[in-house]
Amino acid sequence: MALPLYDSQPARRVPWATYLLVAANVVVFLITPMSNFATWYGEGEVRTCKVEHFSYQYGAVPSELTTGDQRPLPPKVVDDCGPATFGKAPWTSAFTSMFLHSDALHLLSNLVALFVVGMGVEDRLGRWRYLLSYLFFGLVAVYGFAWTSPDGTVPLIGASGAIAGVMGAYAILNPRGRIVSWVPPVIVVRLPVWVVLGYWFVLQWLSLGDDKSNVAYAAHIYGFVAGVAFALLARRAGPARRLAALSRG
């Protein structure tokens, strides 16, 4: 399996929006109970329960998003950690869940992917349109996952749905791009974008229905498709805007 390292095409401007998203995800992780840095949450079972309650408070629970109402915590969580002591508006968790990660490895894998494709997409869309599209991709991924599992009670957390959207946009906006990838054990190669991202998308599709995995493959697919659709519209709108500007001139 190839591990993407970086985009071989240099950006024409400093990717401040990508840096901001990376920094936001890191800072949020460090202040959550999922991080070993956040010692103020306690240790042992106390910390485990803090993680459980935090995940349900700020994670996107499918059954809450489909009904619009906060649901009671699962009986096992209540037995082990007590009932919920928080209130939430489920729609806000669609945003907050994008900035939560279960552990450092989860965070690192997402940020590597964001670095690889984010700078190229930001370079072509512009900072503000890129930031807004990132949030849009994340919302599509979260609500798409909820629609697929409307009765689900396990909270969805992670930036991977939004990043999958950026991947989809990258594939359309940089169709001739090359992604420098590491192929174990020691080979580093420049692979066409359609090989790297196409393989990734097919892998997500084939993994749907894997009940033993805690990866939200459906969210990745919804995010990726949203990115592709958005980039196709953005690419078509570009020539139209230039033609309108010429006609006005």
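In this report, the structure presented in the accompanying data block is examined. This structure is a prediction, so every number in the text was calculated from the model and none was measured.

**Remarks on the pattern of salt bridges**
Oppositely charged side chains are able to pair whenever their charged atoms sit close together.
Thinking step 1. Per the counting criterion, the structure on display carries 4 salt bridges.
Thinking step 2. In this structure, Asp-80 and Lys-76 form a salt bridge, with 2.9 Å as the shortest nitrogen-oxygen distance. With Asp-80 and Lys-76 both in helix α4 (residues 75–81) and 4 residues apart, this pair spans about one turn of that helix. Accessibility classification places Asp-80 together with Lys-76 in one group, the exposed group.
Thinking step 3. Its salt-bridge partner being Arg-127, residue Glu-122 comes within 3.9 Å of it at the nearest N-O pair.
Thinking step 4. Under the relative-accessibility criterion, Glu-122 is labelled buried at 1%.
Thinking step 5. Taking relative accessible area as the criterion, Arg-127 reaches 36% and is therefore assigned partly exposed.

**Observations regarding the packing of aromatic side chains**
Thinking step 1. In this structure the tally under the stated criterion is 12 aromatic pairs.
Thinking step 2. Seen from their ring centres, Trp-16 and Tyr-19 are 6.0 Å apart, and the 85 degrees between their planes marks the pair as edge-to-face. You can see Trp-16 and its partner Tyr-19 sitting in helix α1 (residues 16–30), 3 residues apart, about one turn around the helix.
Thinking step 3. Overall, the relative accessible area of 51% leaves Trp-16 in the exposed class.
Thinking step 4. The exposure class assigned to Tyr-19 is partly exposed, which follows from its relative accessible area of 35%.
Thinking step 5. Residues Trp-40 and Tyr-41 carry aromatic rings whose centres are separated by 5.8 Å and whose planes lie at 40 degrees to one another, so their mutual orientation is tilted.
Thinking step 6. Of the residues examined, Tyr-41 reaches a relative accessible area of 17% and is grouped as buried.
Thinking step 7. Of the aromatic side chains, those joined through ring pairs into one cluster are Trp-200, Phe-201, Trp-205 and Phe-224.

What counts as what
Residues numbered from 1 in each chain as written. Predicted model: local features only at pLDDT ≥ 70, side-chain atom pairs only at ≥ 80, totals over all residues. Heavy atoms only, no water. Salt bridge = Lys/Arg side-chain N within 4 Å of Asp/Glu carboxyl O. Helix = DSSP H or I, 4+ residues; strand = E, 2+ residues; numbered from the N terminus. Buried < 20%, exposed > 50% of the residue type's maximum accessible area, 1.4 Å probe, protein only. Phe/Tyr/Trp six-rings, centres within 6.5 Å; stacked < 30°, edge-to-face > 60°.

None of the figures reported here should be taken as evidence of function without further support.
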